[in-house]
Amino acid sequence: MNFSYVWYDTAHWLLSPARAASDLTKHFFDNPDNPLNNTPYGRTVSAACELFERTTRRYGKPAFDLPTTVIDGAEVAVMERIVWERPFCRIISFERDHPAAKSQPKLLIVAPMSGHYATLLRGTVETFLPTHQVMITDWTDARMVPLAEGRFDLDDYIDYIKDLCRAFGPDLHLMAVCQPAVPVIAAVARLEAENDPFIPRSMTLMGGPIDTRRSPTAVNRLAEERGIDWFERHCITKVPPSHPGFWRDVYPGFQQLSGFMAMNIDRHLTAHYDMFNHLVEGDGDSAEKHREFYDEYLAVMDLTAEFYLQTVEKVFVNHELPKGEMMHRDQPVDLMSIRRCAIMAVEGERDDISGVGQTLAALELTPNLSSDKKLYHLQAKVGHYGVFNGSRFRSQIAPRIAEFIEAHDREPARKKASRA
């Protein structure tokens, strides 16, 4: 049995007194009444204490913290409301008190269930708040779900997406960022095959692993080389007794975070060294930017073992979706069934997680969807995170997505008028 989670929790508990002492020391040297407060020695000790505390703490779930937005030039308040909830997910709706809000397109952002919280897409939400009725999937940390709530696997994920389409459709637009591209397109394919009346009007797939045989990245090659048995032996562990999900099999968030950081370890070490220097030099603005980034980046959640292993096996090892071999509860996931839901594929030129062409495959695997319902956008000079956040996302990618959604949001009304 893999006891890595027990050792991780134990180490975190054993370091608690040292963290507390470090925090007290920092407050002592930060006190304006302390004569060493603003000396090079005082700032050095304070900086060292802060870095020690930050690198040994467990980061909690961040908040979206989006109190206002601007609609038609007017600043309006934004309120978060839970509009749908299940044991492993809830839907947050960002509601705005403005007359134009209710007539805007309805957009459900499906956040990745891949280690980080949905707040990683804070910038994505913020960008679409002025022009769309935005909702987002807020996935639950598996260690916080009691074992009595049962399993959660890839089939359950697809069921959740189908249920959400029925709950908020049929005038719904989906946006899948990275990992959920596969279950989202699978859910739509099943809805189309069942001739369900709540088929969404469009789905935007962003940097998603639809066909990982194309432009394989280091992540894709690792999955194929190691095989599913290796991941089960080395990545799956039990939740320790100190959490509500005690004894649940999970892929811990701290292990996934370690893997991501190892891919760019030099960059992360340099960033922390730079922060130390910023604190010593009194550069508060640069230090605060570091805090904001790593408060989000280091906040991670656990995934259920069954969901993680099925995703690795079906998507990255066996490539079942592009081969036409994927099943959902003994029913085929046939992308040729998709005839009504428009698809936009967005990729980043420098994406080192989902290579160029992997998301584009969605457009090629849906031959029965007319070409006027398909759109492809390859964004130059952005990596994986630049596909859904940052200046190029806001100035170049988001406007094209908004145009795509607007075009297909109005389409049913145009067809109805034409038939009349």
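Residues numbered from 1 in each chain as written. Predicted model: local features only at pLDDT ≥ 70, side-chain atom pairs only at ≥ 80, totals over all residues. Heavy atoms only, no water.

Some details on the packing of helix α2 (residues 16-30) against helix α3 (residues 40-56)
So, point 1. For the pair α2 and α3, interaxial distance at closest approach is 8 Å and the crossing angle is 150°. Between α2 and α3, the angle falls in the class roughly antiparallel. By crossing handedness, the relation of α2 to α3 is classed as left-handed. Residue-level contacts link A18, R19, S22, T25, K26, F29 and D30 of α2 to Y41, G42, V45, S46, C49, E50, F52, E53 and T56 of α3. (Axes fitted to C-alpha atoms, helices over the stretch in contact; angles between N-to-C directions. Helix = DSSP H or I, 4+ residues; strand = E, 2+ residues; numbered from the N terminus. Parallel < 35°, antiparallel > 145°, perpendicular 65-115°, else oblique. Left-handed = near helix turned anticlockwise from the far one by under 90°. Contact = heavy atoms within 4.5 Å.)

Points about the sheet that holds strand β10 (residues 303-304)
So, point 1. Taken together, the 3 strands give an open sheet; going across it, the order is β8-β9-β10, and neighbouring strands pair in antiparallel fashion. In this open sheet, the two edge strands, each paired with only one partner strand, are β8 (237-238) and β10.
So, point 2. Across 2 bridges, β8 lies against strand β9 (residues 249-251) in antiparallel orientation. Pairing of K238 across the sheet is with D249, part of β9. (Pairing = 2+ DSSP bridges.)

Details of the confidence of the model for the protein chain
So, point 1. Averaged over all residues, the pLDDT of the protein chain is 92; the fraction at 70 or higher stands at 97%.
So, point 2. Under a pLDDT of 50 for its full length, residues 416-420 has, in the predicted model, 0 contacts with residues more than four places off or in other chains. (pLDDT = per-residue confidence, 0-100.)

Re the sheet that holds strand β1 (residues 68-71)
So, point 1. Taken in spatial order, the 9 strands of this open sheet run β1-β2-β3-β5-β4-β6-β7-β13-β14, and their pairing is mixed. Looking at which strands have only one partner, the edges of the open sheet turn out to be β1 and β14 (374-379). If you compare each strand with its neighbour and ignore which way they point, the axes differ by 25° on average.
So, point 2. With 5 bridges joining them, strand β7 (residues 202-206) and strand β13 (residues 342-348) adopt parallel strand pairing. For S202, the partnering residue across the bridge sits in β13 and is A342.

Observations regarding the environment of P180
So, point 1. Locating P180 in the fold gives a position in the loop between β6 (172-177) and α6 (181-193).
So, point 2. Along the primary structure P180 and S114 are separated by 66 residues, whereas in three dimensions their C-alpha atoms are 9.1 Å apart.
So, point 3. Setting aside its immediate chain neighbours within four residues, P180 contacts V110, A111, P112 and Y157.

Observations regarding the nonpolar core
So, point 1. Residues F94, I136, W139, I185, M203, L205 and M206 are the most contacted members of the largest nonpolar core, which totals 105 residues.
So, point 2. Ranked by residues supplied to this core, first place goes to α6 with 9 residues.
So, point 3. Here F94 is in contact with F64, L66, V78, M79, E80, V125, L129, V134 and I136, once residues within four sequence places are set aside. (Core = buried A, V, L, I, M, F, W, Y, C linked by side-chain atoms within 4.5 Å. Buried < 20%, exposed > 50% of the residue type's maximum accessible area, 1.4 Å probe, protein only.)

Some remarks on the environment of H132
So, point 1. Along the polypeptide, H132 turns up in the loop between α4 (122-128) and β5 (133-139).
So, point 2. In this structure the C-alpha to C-alpha distance between H132 and M203, which are 71 residues apart in sequence, comes to 14 Å.
So, point 3. Contact partners of H132, with chain neighbours within four places excluded, come to R96, Q104, P105, L107, A402 and I405.
So, point 4. Of the polar contacts made by the side chain of H132, one reaches the side chain of T131; its length is 2.7 Å. (Polar contact = N/O pair within 3.5 Å; in protein donor to acceptor, adjacent residues only side chain to side chain.)

A look at the pairing of β1
So, point 1. Burial along β1 is one-sided: the face carrying T69 and I71 is buried and the face carrying T68 and V70 is not.
So, point 2. In terms of strand pairing, β1 meets strand β2 (residues 74-86) through 4 bridges, oriented antiparallel. The residue bridging T69 from the neighbouring strand is V76, located in β2.

Observations regarding a nonpolar patch on the surface
So, point 1. A cluster of nonpolar side chains, F3, V6 and W7, forms an exposed patch at the surface whose accessible area comes to about 340 Å².
So, point 2. The topology assignment puts V6 in helix α1 (residues 4-14). (Patch = residues over 30% accessible without salt bridge, like charges linked within 9 Å, V, L, I, M, F, W, Y side chains within 5 Å. Areas by Shrake-Rupley, 256 points an atom, 1.4 Å probe, with all protein chains shown as cover. Salt bridge = Lys/Arg side-chain N within 4 Å of Asp/Glu carboxyl O.)

Regarding the side chain of T311
So, point 1. With respect to the helices and strands, the residue T311 is situated in helix α11 (residues 305-317).
So, point 2. Within the local environment of T311, its side chain forms a polar contact with the backbone oxygen of F307, the two atoms lying 2.8 Å apart.
So, point 3. Dropping the residues within four chain positions of it, T311 is found in contact with L154 and F316.

A look at the packing of aromatic side chains
So, point 1. A complete count under the given rule lists 24 aromatic pairs for this structure.
So, point 2. Here the aromatic rings of F29 and Y41 are separated by 5.9 Å at their centres, their planes lie at 75°, and the arrangement is edge-to-face. On the criterion of sequence distance, the pair formed by F29 in helix α2 and Y41 in helix α3 is long-range, its members being 12 residues apart.
So, point 3. Relative to F152, the ring of W139 lies with its centre 6.1 Å away and its plane at 55°, an arrangement referred to as tilted. Of this pair, W139 sits in strand β5 while F152 is found in the loop between β5 and α5 (154-168), placing the two residues 13 residues apart along the sequence.
So, point 4. With a relative accessible area of 2%, W139 lands in the buried category.
So, point 5. On the accessibility criterion, F152 (1% relative accessible area) is buried.
So, point 6. Here a set of aromatic residues connected by ring pairs shows up, and it is made of W84, F88, W139, F152, Y157, Y160 and F307. (Phe/Tyr/Trp six-rings, centres within 6.5 Å; stacked < 30°, edge-to-face > 60°.)

Section: the pattern of salt bridges
So, point 1. In this structure the tally under the stated criterion is 29 salt bridges.
So, point 2. We note a salt bridge from R81 to E95, for which the minimum N-O separation is 2.8 Å. You can see R81 sitting in strand β2 and its partner E95 sitting in strand β3 (residues 89-96), a full 14 residues away along the chain.
So, point 3. Its relative accessible area of 45% is what places R81 among the partly exposed residues.
So, point 4. Residues joined in a network through salt bridges with shared partners are K162, D163, R166, R190, E194 and D196.

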